[in-house]
Amino acid sequence: MKTYELTGKGLEHLTLVSREKPIPKKGEVLIRIRAASLNYRDLMIAKGVYRREVCYPLIPLSDGSGEVEAVGEGVSDCKAGDRVMGSFFPFFYDGLVGPETDRRALGGDLDGVLSEYIVLSSESVVKIPAGWSFEEASTLPCAALTAWNALYGAVPLLPGQTVLVLGTGGVSMYATLFARMGGARVIATSRSSGKLLKMKNFGAEEIIDTSRSPDWDASVHEITSGRGVDHVVDVLGGESFNRSLRAVRAGGQVSVIGVLSGTSGLVDTALILGKAIGVRGIYVGNRRQLEEMARALGNGSHRPAIDAVFPFSEVRNAFTALDKGDHFGKIVVRL
Ligand SMILES: NC(=O)c1ccc[n+]([C@@H]2O[C@H](COP(=O)([O-])OP(=O)(O)OC[C@H]3O[C@@H](n4cnc5c(N)ncnc54)[C@H](OP(=O)(O)O)[C@@H]3O)[C@@H](O)[C@H]2O)c1
């Protein structure tokens, strides 16, 4: 089978190789991967700037979807022909992230999905939503589940509430989709006016161009008549985190997700206590949540925004496109 391997730090170390097609053992399923999608984490891992070291050679990417081709002994919940995706954390079934969770994620510590075939434990495999293409479903395990966990994981979003999403990448696109599904209103920021128009078409009611209004927290207060939003889905972190604390209403929620503005900064703790803000770190989610999300999506007509689909032979171009940052939503590889 054909497989991509990362053999060192840097995209020049991403190569297409041949490996033995795996055979599913007891409790495992063999999946013919049909599509995979890229996340910012995959880019950091490929460039060698991820916060954790990985072991080489590594099959990259956490997110993929495909068909079950064969199952090992004892597997009863999956059969050949099922359309499935793998869970980002294959051994994290329910509950809260623990110290070991981090060390067992696809495309990081464990081999990922950028391969014609992969073998996974049947317990880590979830059926893709009814009516979804493989390309669409390949965007679910990380970006979508992270947004779902943020909005419905601890303090579920209510209809009529307002969600602030930052930038127009995968997590923010899905946060917009889930907020709209739940009857909430979305305020979106971007550094690009073109992408903001796309975000409006996708369902954001209010937009803030941060290249013109860098004080986006002040803009949020103007839009919400000084109240602030109910929930901030913060993919920026670092230096801009205090803006999220200012943009949220008293008693609101801030989900700490991303590191696009850095991994540390001085936090205005007085704002957190003075406004009784709920600050919650999000680390993707567990298998139960992935199933719950897939069920919710299978019942509706909402679909993700896919910016580009690259053939398997052009995976490096897919990474370069993500690195360039001109995308809106997700970048996918078709196998
Ligand atoms: N905690 C978790 O479980 C989890 C899960 C998934 C992702 N993440 C993190 O969340 C972040 C977003 O991930 P993603 O996959 O959605 O990324 P992505 O698809 O690459 O999108 C990132 C978007 O953010 C905006 N952006 C990028 N750099 C920026 C900067 N320096 N300042 C302001 N805006 C910037 C850009 O939108 P505009 O061009 O429109 O401004 C860009 O398209 C990453 O840090 C990623 O590691 C965390």
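Just above sits the structure.
Everything numeric in this text was worked out from a predicted model, so none of it was measured.

(A) Region of the structure containing the overall build of the protein chain. Along its length, the protein chain carries 10 helices and 15 strands. Taking 20 Å as the expected radius of gyration for a compact globule of 335 residues, we find that the protein chain reaches 20 Å, a close match to that expectation. Taken over the C-alpha atoms alone, the protein chain extends approximately 60 × 40 × 40 Å along its principal axes. Taking all 335 residues of the protein chain together, 54% fall into the buried category. Long-range contacts, defined as pairs at least 24 residues apart, comprise 71% of the intrachain contacts of the protein chain with a sequence gap of at least 6. Taken as a whole, the protein chain presents about 14,000 Å² of accessible surface, with 51% of it coming from carbon and sulfur. Of the side chains in the protein chain, 38 bear a positive and 37 a negative charge, and the two mean positions are spaced by 2 Å.

(B) The arrangement of the pattern of salt bridges in detail. Summed over all chains, the structure comprises 23 salt bridges. A salt bridge links Lys324 to Asp326; the nearest nitrogen and oxygen atoms lie 3.6 Å apart. Overall, the relative accessible area of 64% leaves Lys324 in the exposed class. When salt bridges with common partners are traced through the structure, they connect Asp215, Asp217, Arg243 and Arg246 into a single cluster.

(C) Looking closely at the packing of aromatic side chains. With the rule as written, the count across this model stands at nine aromatic pairs. Between the aromatic rings of Trp148 and Tyr152, the centroid separation amounts to 4.7 Å while the plane-to-plane angle is 40 degrees, which identifies the pairing as tilted. Of this pair, Trp148 and Tyr152 both sit in helix α3 (residues 140-152), separated by four residues, roughly a single helical turn. Across the pair, exposure class does not vary: Trp148 and Tyr152 are buried alike.

(D) Local environment of helix α10 (residues 315-324). Turning to α10, its buried residues are Val315, Ala318, Phe319 and Leu322. For α10, the buried positions fall inside an angular range of 100 degrees around the axis, keeping them on one side. Phi turns positive one or two residues past the end of α10, at Gly325, with a value near 80 degrees.

(E) Structural context of the layout of surface pockets. Roughly 280 Å³ of volume is contained in the second largest pocket. In terms of lining residues, the second largest pocket is bounded by 18 residues, among which Asp111, Gly112, Ile118, Val119 and Leu120 are the most central. Among the elements that line the lining of the second largest pocket, the one with the most residues is strand β6 (residues 117-121), at five residues. Classifying every residue of the lining of the second largest pocket gives 11 nonpolar, three polar and four charged.

(F) Focus on the nonpolar core. With 61 residues, the main nonpolar core has Leu140, Leu151, Val163, Leu164, Tyr174, Phe178 and Met293 as its most contacted residues. Looking at this core, the element that brings in the most residues is α3, giving nine residues. There are two domains that each give this core at least three residues, and those are domain 1 (2-139 + 305-334) and domain 2 (145-281). Contacts of Leu164, omitting those with residues within four sequence positions, involve Ile187, Thr189, Trp216, Val220, Val229, His231, Val232, Val233 and Ala247. If you look at the next biggest cluster of nonpolar residues, it comprises 37 residues, including Tyr4, Ala36, Leu38 and Phe312.

(G) Geometry of the packing of α3 against helix α9 (residues 287-298). Interhelical geometry of α3 versus α9 gives an angle of 90 degrees and a closest axis separation of 10 Å. Classified by the angle between their axes, α3 and α9 sit roughly perpendicular to one another. Residues Leu140, Pro141, Ala144, Leu145, Trp148 and Asn149 of α3 form the contact with α9, whose own contacting residues are Gln289, Leu290, Glu292, Met293, Ala296 and Leu297.

(H) Focus on the sheet that holds strand β10 (residues 206-209). In spatial order, the strands read β10-β9-β8-β11-β12-β13; together these six strands make up an open sheet with parallel pairing. Of all the strands in the sheet, just β10 and β13 (278-281) have a single pairing partner and so form its edges. Neighbour-to-neighbour, the strand axes of this sheet turn through a mean angle of 15 degrees, independent of strand direction. Bridge analysis of strand β9 (residues 185-190) against β10 gives four bridges, and the strand direction is parallel. Residue pairing across strands places Thr189 opposite Ile208, the latter belonging to β10. Strands β8 (162-166), β9, β10 and β11 (229-234) of the sheet are contacted by helix α6 (residues 216-223), whose axis makes an angle of about 155 degrees with β10.

(I) Inspection of empty space enclosed by the protein at higher detail. For the structure on display, the rule yields two cavities of 30 Å³ or more. Taken as a whole, the largest cavity holds about 60 Å³ of empty space. What lines the largest cavity is Lys9, Ile45, Gly48, Val49, Tyr50, Arg52, Glu53, Val54 and Tyr56. Here the second largest cavity is characterised by a volume of approximately 40 Å³. Together, Ala150, Ala154, Val155, His231, Gln253, Val254, Ser255 and Arg280 line the second largest cavity. A total of three residues in the lining of the second largest cavity trace back to one element, the largest contributor, which is strand β12 (residues 248-256). Here the residues of the lining of the second largest cavity sort into four nonpolar, three polar and one charged.

Parameters at a glance
- Residues numbered from 1 in each chain as written.
- Predicted model: local features only at pLDDT ≥ 70, side-chain atom pairs only at ≥ 80, totals over all residues.
- Heavy atoms only, no water.
- Helix = DSSP H or I, 4+ residues; strand = E, 2+ residues; numbered from the N terminus.
- Rg over C-alpha atoms; globule rule 2.2 N^0.38 Å.
- Buried < 20%, exposed > 50% of the residue type's maximum accessible area, 1.4 Å probe, protein only.
- Contact = heavy atoms within 4.5 Å.
- Areas by Shrake-Rupley, 256 points an atom, 1.4 Å probe, with all protein chains shown as cover.
- Lys, Arg positive; Asp, Glu negative; His and termini not counted.
- Charge placed at Lys NZ, Arg CZ, Asp CG, Glu CD.
- Salt bridge = Lys/Arg side-chain N within 4 Å of Asp/Glu carboxyl O.
- Phe/Tyr/Trp six-rings, centres within 6.5 Å; stacked < 30°, edge-to-face > 60°.
- Arc of directions from axis to C-beta.
- 1 Å grid on protein atoms, 1.4 Å probe; cavity = no way out; pocket = protein on both sides within 12 Å on 5 of 7 lines; lining within 4 Å.
- Points joined across faces, edges and corners; volume = space filled by probe spheres on them.
- Nonpolar A, V, L, I, M, F, W, Y, C, P; charged D, E, K, R; others polar.
- Core = buried A, V, L, I, M, F, W, Y, C linked by side-chain atoms within 4.5 Å.
- Domains from an automatic or database assignment.
- Axes fitted to C-alpha atoms, helices over the stretch in contact; angles between N-to-C directions.
- Parallel < 35°, antiparallel > 145°, perpendicular 65-115°, else oblique.
- Pairing = 2+ DSSP bridges.

Structural measurements only, silent on function.
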